[in-house]
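# Coordinates in review
As a plain string of letters, each chain reads:
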Amino acid sequence: MSGEMATMATTLTHRAFSTPGSASGGNVLEQLLAKARPLVMGVLNVTPDSFSDGGRYLDPQAAIAHARRLAADGADILDVGAESTRPYGGAVRISIEEERARLAPVLSDVIALGVPVSIDTLKAAIAAWALDLGAAIVNDVWGLQGDADMARVVAEHQAPIVIMHNRETADPAIDIVADVTDFFRRSLDIAARAGIPRERIVLDPGIGFGKTVEQSLICIARLDAWRDCGAPLLVGASRKHFIHSVSPSDPMDRLGGSLAAHLLAVENGAVIVRVHDVAATTQALAVASAIRGAR
Ligand code: HH2
């Protein structure tokens, strides 16, 4: 292991396990963090209406083929979602039955690829069903504060959970760093009361969710504000609208902006990046790491 990798391994371990007195049972998250480099979570949206790739992977065969591609491109985690949360409004809520019907022809085949799968859902019932099928992680864009049953399901399955900050509406007047910090505190409290150990928690400021463009930029620029929360940080900036606000572009033409955002996020403490373009991100992270190592 190079000196740089060793330093990163120490940093990641410290970040992930810095809570005093916490239990240290093995889990998928621990195994992923042991890779001691930034992790890439590849996005698979089995939806008709996702903001950048809605409708592309609604067909099960297209979805499975895309998951295979993400895995081949180097994804460390496959994040599968069947209900668009459309950070910029216009999300259509669907029933448990509809969400399960979209996932059912796809999820087992994706899990069988052997890459840990996270289930991106707001619903505890879907999380429980997906975990029972073999999904490894729950990704909750309401950070255990949406569905009141989510914390229990996550605790009972001993699953890692991504706690993402969210707000119903953006308020340009608030201090977004303080708001995210308060939200994380509430979510960590819920997790602790449900018996979810800190080792199984990832925190995510939720780029674009209930935030102005400026607030999304601040969340990446000041990510280190949450370095001491005792959990690894995830950033999902891929193709998001704030990129368009800086450099006008359609969602599919935001790769440059997405790479810039994720490289800076990692520089500022992100351990996991959630992206649509896995190959390009993996390459960008490897080159950034090589340059850092040559200092
Ligand atoms: N962003 C989206 C969805 N899920 N989960 C986490 N933890 N962090 C994120 O930033 C995040 C997320 C939105 O992106 P996408 O899935 O491409 O769009 P849609 O919600 O429209 O399907």
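One structure accompanies this document, and this report is about it.

How each quantity is defined
- Residues numbered from 1 in each chain as written.
- Predicted model: local features only at pLDDT ≥ 70, side-chain atom pairs only at ≥ 80, totals over all residues.
- Near = placed C-beta within 6 Å.
- Helix = DSSP H or I, 4+ residues; strand = E, 2+ residues; numbered from the N terminus.
- Expected span 1.5 Å × (residues − 1).
- Buried ≥ 20, exposed ≤ 12 C-beta atoms within 10 Å, placed from the backbone.
- Arc of directions from axis to C-beta.
- Contact = placed C-beta atoms within 7 Å.
- Axes fitted to C-alpha atoms, helices over the stretch in contact; angles between N-to-C directions.
- Parallel < 35°, antiparallel > 145°, perpendicular 65-115°, else oblique.
- Left-handed = near helix turned anticlockwise from the far one by under 90°.
- Pairing = 2+ DSSP bridges.

Taken together, the neighbourhood of the ligand is formed by 22 residues, with Ser 50, Phe 51, Ser 84, Thr 85 and Gly 236 sitting nearest. Secondary structure elements with two or more residues in the shell around the ligand: strand E1 (39-45) and strand E5 (161-164).

A few words now on helix H8 (residues 176-194). Every α-helical turn comprises 3.6 residues, leaving residues that sit three or four positions apart pointing alike. End to end, H8 covers 27 Å across 19 residues, agreeing with the expected 27 Å (1.5 Å per residue, within 8%). Residues Ile 176, Val 180, Phe 183, Phe 184, Ser 187, Leu 188 and Ala 191 constitute the buried set of H8. Projected down its long axis, H8 carries its buried residues within an arc of 135°, all on one side. Away from its buried face by more than 90 degrees, H8 exposes Ala 178, Asp 182, Arg 185, Asp 189 and Arg 193. Those residues of H8 that are buried lie in contact with helix H7 (150-157), E5, strand E6 (201-204) and helix H9 (213-221). Gly 195 lies just past H8 and shows a positive phi near 90°.

Further remarks concern the packing of H8 against H9. How two helices sit against one another is set out by the angle between their axes and by the gap between those axes. Where H8 meets H9, the closest approach of the two axes is 9 Å, and the angle between their N-to-C directions is 70°. Judged on the interaxial angle alone, H9 and H8 are roughly perpendicular. Helix-helix and strand crossings are classified by hand; for H8 and H9 the assignment is right-handed. Residues Ile 176, Val 177 and Val 180 of H8 pack against Gln 215, Ile 218 and Cys 219 of H9.

Burial along strand E3 (residues 117-120) is two-sided: the residues Val 117 and Ile 119 and Ser 118 and Asp 120 are all buried. For strand E2 (residues 77-81) and E3, the ladder comprises four bridges, and the chain directions are parallel. In the sheet register, Gly 81 faces E3, and the bridge partner there is Asp 120. Pairing analysis gives three bridges linking E3 to strand E4 (residues 137-140), with the strands arranged parallel.

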